[in-house]
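# Structural description and commentary
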Amino acid sequence: MSLGGGLAGRYAAALYAHADEAHALDQVVEQMDTLGRMIDESPFLSRLLESPLIDVSTAQKAIRSVLTEHGFNKIVQDFVGVVVSNRRMRALRTIVGTFSALVAEKRGVVVVHVESAYPLSGVQEQQLRARLIEAGYGNVNIVKRVDPALLGGLVVKIGARLYDTSLKSRLQRLQYAMKGAA
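Residues numbered from 1 in each chain as written. Predicted model: local features only at pLDDT ≥ 70, side-chain atom pairs only at ≥ 80, totals over all residues. Heavy atoms only, no water.

Glancing now at the packing of aromatic side chains. The description of two aromatic rings rests on the distance between their centres and on the angle between their planes. Summed over the entire model, instances satisfying the criterion amount to 1 aromatic pair. Taking the centre distance of 6.2 Å and the plane angle of 75° together, the rings of Tyr11 and Phe79 count as edge-to-face. Separated by 68 residues along the polypeptide, Tyr11 in helix H1 (residues 7–21) and Phe79 in helix H5 (residues 74–85) bring together distant segments of the chain. The buried category is assigned to Phe79, whose relative accessible area is 10%. (Phe/Tyr/Trp six-rings, centres within 6.5 Å; stacked < 30°, edge-to-face > 60°. Helix = DSSP H or I, 4+ residues; strand = E, 2+ residues; numbered from the N terminus. Buried < 20%, exposed > 50% of the residue type's maximum accessible area, 1.4 Å probe, protein only.)

We now examine the side chain of Gln31. Relative to the elements of secondary structure, Gln31 occurs in helix H2 (residues 25–41). By relative accessible area, which is 10% here, Gln31 ends up buried. Those residues in contact with Gln31 that lie beyond four places of it in its chain are Gly71, Phe72, Asn73 and Val76. (Contact = heavy atoms within 4.5 Å.)

Here we come to helix H7 (residues 122–134). Here H7 contains 13 residues, and its C-alpha end-to-end distance of 18 Å stays within 8% of the 18 Å for a straight helix at 1.5 Å per residue. Inspection of H7 places Glu125, Leu128 and Leu132 among the buried residues, and these make up the whole buried set. What you see down the axis of H7 is that its buried residues fit within an arc of 60°, all on one side. Away from its buried face, by an angle of more than 90 degrees, H7 presents the exposed residues Val123, Gln126, Arg131 and Glu134. For H7, the elements touching its buried residues are strand S1 (110–116), strand S2 (140–146) and strand S3 (154–158). Following H7 by one or two positions, Gly136 has its phi on the positive side, about 100°. (Expected span 1.5 Å × (residues − 1). Arc of directions from axis to C-beta.)

Written out as structure tokens, the structure reads:
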């Protein structure tokens, strides 16, 4: 996610500055992570944010109700209210992700996205973390995703770098080599 000057970057930077000034940064970070999970897991909330047919006041009431019910603090409620009143509901999930990336950057945490064919065991995750530390990535946050289509191996994304050791990509390279030989 770009932390440049895009819409999501500006909103994320504004929330970060406000939460830091109010000495509530840790609580806001935790609640924004929870909000991101809620958006990902709730079909109702996803539809609410994506629908162009819902007017701002209705969306404002519905989202405020959901946030209050789940115990979100005033800073997050007001922030989401501003996003909704500015008609940026569709960008909320992107803003949440950009905020997380901004917090990680400010705290010196490297976010590593790992895709595997099967869920990583605790030992495998520790070994991966050790290898990343050896490679110079000190403080890492591993975001795991399971993709059975990989068949085996890992796909590791660190910023703009991609390390693909999956069986699927190896088979594709072999297939291209075989086509070239024919």
